[in-house]
Each structure stands twice: as C-alpha cells, then as structure tokens.
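Each chain is listed here by its residues.
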Amino acid sequence: MHPHQQSVTPRQQRSVTRITSGQRSQDGAGVNLTNYIPFPATLQLDPFLLLDVIKSDNANDYIKGFPPHPHRGFQTVTYLLAGRVRHRDSAGHSGLLQAGGVQWMTAGSGIEHSEIPEQESGLLFGFQLWLNLPAANKMQAPSYQDFEPAQIPEERRSPETKIRVITGTTAQGTTGPVKDIATSPQFFDVQLAEGGTYQETIPSEHTAFLFIIEGDVTVHGPISSAHITSNQLAVLSSGDKVSVEAASNSRFLLISGRPLHEPITRHGPFVMNTQEELVQAYRDYEAGNFGHVEGEP
Ligand code: FE2
C-alpha cells in the first residue's frame, strides 16, 4: 500500500490524557502570565513549543509588555480576546492587534520585535502560542499573516454554537484565513451553550489540545469521559475526532498540529535543531544581523 494511502478504519474518539492548570510565570518587562506549554515533565507536544496566557485587569501585570527581543526558527501566534497590543519589528512593520484578531508571525531566520499593550487600564486577555518550523523552513525569510476580527469567519452550527476559524478547516468545511502553515494546524475558538455538544474532526496524525476559556466541559472518550474547567488545558489522545459537551455556557480553543519528529535545541527565543545552530543564532543576533526595532534602545 502506498504510505500516504489511508486504510479504512473506524473513526476513533480522542479522549483526555492530561489536564494542567499551568504555572504562574513572568516574562518580558515583568508581565505576569500563566504558562501551560512546555510542561514541567517530559511530555512533548510537538509541534507546540510554548503556550502563555495573559489575563489581568490590573495594568501592573502587563503595562510594560515585551520590549525588543529576537526570535528565530519558529512561529509565534498571538490571539487576543480583550485589549490591544502594538507590535513593531526590525523590518519596519508595525500593527495594532485588537480583541478577536490574530497575528501569525513566522520568525524564520530572525526578527527582532516589541509587543506592548496599548492600554493603561482594563482587561488584557490573550494567548501566545509558539509553533515549531521544520528544519527546512527555519531559515526562511520572516513573514506575517495578520487578520482583524471581522476577517475571521464564524461558523454557526446552531444559534448557540459558534466557531471562529483562525486556521484549518472544520468538519463542516469552514476554512480560516491563516494559510500555508508548515504544520497544517487547526486553531478554532468555540462557543457552546450549556448542554450543547460540539463534534470536530482532527487529522489522526495531529497533536491536539483544548484550552477552556470560560465555563466547563466534558470530553467524551471511547471508554471514559473527562471534565475540564476554565483556565485548564487538556491534552487529547490519538484519534481522529473529538466530542465536547458543555456543562455550562462555555468557550474554548481547539488547537491541533502535525508533529515534526525532529530534534529540538532551544534556548530563550531561539528554537533550532542542533547546538551549533543555536550558537549561530546567538552570534547572528549579537552581530546585529536581525536588525533593530526603530526608536527602541
Ligand atoms: Fe516575541
């Protein structure tokens, strides 16, 4: 049989294999956040490298933001639910990310940027996800896919079931605007009313997880079910579909991606395949090869 040909097997429900409430952490110029990926243990969520969640209505937790810093070798995805963040980079790009919008940045060979909240009070609620790039793409030119809230399609399966599709395609055929990502991710923001059920297909080779934004849900696996509540991340087992029932009015992210199965050598803002490439990343950055964010020290 051709290796890419799928054999006909019964569809398999994914169940929950691990639940985490993350750990409080600090990054940037003193931004208080909760880190969910990487896990403290050895569990790998290839191709996902990091997930940080910022959620605070206390400006002291976020006001100083993330002053200029580099990235090389992967992608950063910023998805905001509340607040505004100004982004500026060493190539002269600048943009204001608003609630409901997404910025999908391919750092590739290297970029320096700053990410600073453009608000002095009120709620800031956002996600930053890092996705790895295959070795062959790590040194590609940096690029962006930025989308405003109105550019993200919302699929309605019932009056009370809404799916914002950022990237990937749902079981009902809605495709998100972020395209041509090496790891073919799905990134769906799902709202479900109490008692409602959401079923979605997930490519069987993908790593997948749920993050509960609000409410609480039950994930029905083939043998057992798991209950997950707000601010928890649930890793899903292998399989090709998931079934989520809302125990209360709920909102959650469903994220999946194709694992790369490549060696990872990472330190700080650089994620490469070998120690030599990591050392080279530091050398290139210190030599000024990434450029600098204009107007910043
Ligand atoms: Fe960054």
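Structure first, text after, so check above.
Okay, so let's go over this structure. (Residues numbered from 1 in each chain as written. Predicted model: local features only at pLDDT ≥ 70, side-chain atom pairs only at ≥ 80, totals over all residues. Heavy atoms only, no water.)

Here we come to the sheet that holds strand β10 (residues 111-117). In spatial order, the strands read β5-β10-β7-β8; together these four strands make up an open sheet with antiparallel pairing. Among the strands making up the open sheet, the edge pair consists of β5 (66-71) and β8 (94-98). Between one strand axis and the next, the sheet turns through 25° on average, direction left out of account. The pairing of strand β7 (residues 84-89) with β8 spans five bridges and is classified as antiparallel. Considered in β8, the bridge of R88 is made with S94. (Pairing = 2+ DSSP bridges. Helix = DSSP H or I, 4+ residues; strand = E, 2+ residues; numbered from the N terminus. Axes fitted to C-alpha atoms, helices over the stretch in contact; angles between N-to-C directions.)

Moving on: the pairing of strand β15 (residues 186-192). β15 sits mainly inside the fold: six of its seven residues count as buried. Pairing geometry for strand β14 (residues 161-167) and β15, over five bridges, is antiparallel. Bridging across to β15, K162 finds its partner in Q191. As defined by bridge partners, β15 adjoins strand β22 (residues 250-257) across seven bridges and the pair is classed as antiparallel. For V190, the partnering residue across the bridge sits in β22 and is F252. (Buried < 20%, exposed > 50% of the residue type's maximum accessible area, 1.4 Å probe, protein only.)

As a further point, take the environment of S230. Structurally, S230 can be placed in the loop between β19 (225-229) and β20 (233-236). Considering only alpha carbons, one finds S230 and G22, 208 residues apart in sequence, at a separation of 12 Å. Dropping the residues within four chain positions of it, S230 is found in contact with I212, I213, E214 and G215. (Contact = heavy atoms within 4.5 Å.)

Donor atoms from the polypeptide that bind the iron ion are H69 (NE2), H71 (NE2), H113 (NE2) and E115 (OE), placed at 2.1 to 2.5 Å. The site at the iron ion holds four donor atoms, and with the angles between them running 81 to 177°, its shape is irregular. Of note, the donors binding the iron ion are all from one chain and are spaced H-x1-H-x41-H-x1-E. With respect to class, H113 is no different from E115; both count as buried. (Donors = N, O, S within 2.8 Å, 3.2 Å for Na, K, Ca; no water. Tetrahedral: all angles 85-135°; square planar, octahedral: opposite > 155°, others 65-115°.)

Taken by themselves, the reported measurements are silent on function.
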